[in-house]
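Given next are the chains, with one letter for each unit.
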Amino acid sequence: MVEGAKSEQTEHLGSHGGRASSWLAVTVMLIGFILGGVGLTMANWALIWVGVGLFVVGGILALVFDIFSDVVIDAPRVGMSVEDHR
C-alpha cells in the first residue's frame with residue numbers, strides 16, 4: 001500500500017476528537033467543577049456557587065451544542081473473535 005493512502009478498512013473508522021464547541025462546553029463544566037471543589041475546601045460559599053453556576057452554564061451549552069452527536073461508532077473489527085478479547 002502507498003504511504004498516506006487510506007485503505008477501505010480504515011476509511012470508515014472516523015475520529016473521536018469532537019468539535020470545538022463541544023470542548024468549550026466540557027471546559028466550562030470542568031472549570032466550574034474545579035472552582036466548586038476549591039470553594040468547598042476553603043469553605044467559601046461564594047466560590048462554591050460560582051462553580052455551580054459555571055457548571056450549569058456548561059451543561060446548558062452541552063445541550064445547545066448537542067455534544068453527544070460527536071460520538072463515532074467504529075466499524076466492526078475484521079478478524080477478531082470473542083476469544084481475542086479474553
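Residues numbered from 1 in each chain as written. Predicted model: local features only at pLDDT ≥ 70, side-chain atom pairs only at ≥ 80, totals over all residues. Heavy atoms only, no water.

1. Section: the overall build of the protein chain
Consideration 1: From N to C terminus, the protein chain includes three helices and zero strands.
Consideration 2: Along the chain direction, N to C, the helices and strands of the protein chain fall in the order α-α-α.
Consideration 3: Residue burial in the protein chain is summarised as follows: out of 86 residues, 16% are buried.
Consideration 4: For the protein chain, the share of sequence-separated contacts (at least 6 apart) that also reach a separation of at least 24 residues comes to 65%. (Helix = DSSP H or I, 4+ residues; strand = E, 2+ residues; numbered from the N terminus. Buried < 20%, exposed > 50% of the residue type's maximum accessible area, 1.4 Å probe, protein only. Contact = heavy atoms within 4.5 Å.)

2. Quick word on unusual backbone geometry
Consideration 1: You will see that Ala43, though not glycine, has its phi angle at about 55°, which is positive.
Consideration 2: Here Ala43 shows up in the loop between α2 (20-42) and α3 (45-65).
Consideration 3: One non-glycine residue with positive phi stands out, namely Asp66, at about 50°.
Consideration 4: The residue Asp66 is located in the segment after α3 in this model.

3. Describing the confidence of the model for the protein chain
Consideration 1: Considering every residue of the protein chain, the mean pLDDT works out to 80; 64% of them sit at 70 or more.
Consideration 2: Looking across the protein chain, the model is least confident in helix α1 (residues 8-11), with a mean pLDDT of 50, and most confident in α3, with 96. (pLDDT = per-residue confidence, 0-100.)

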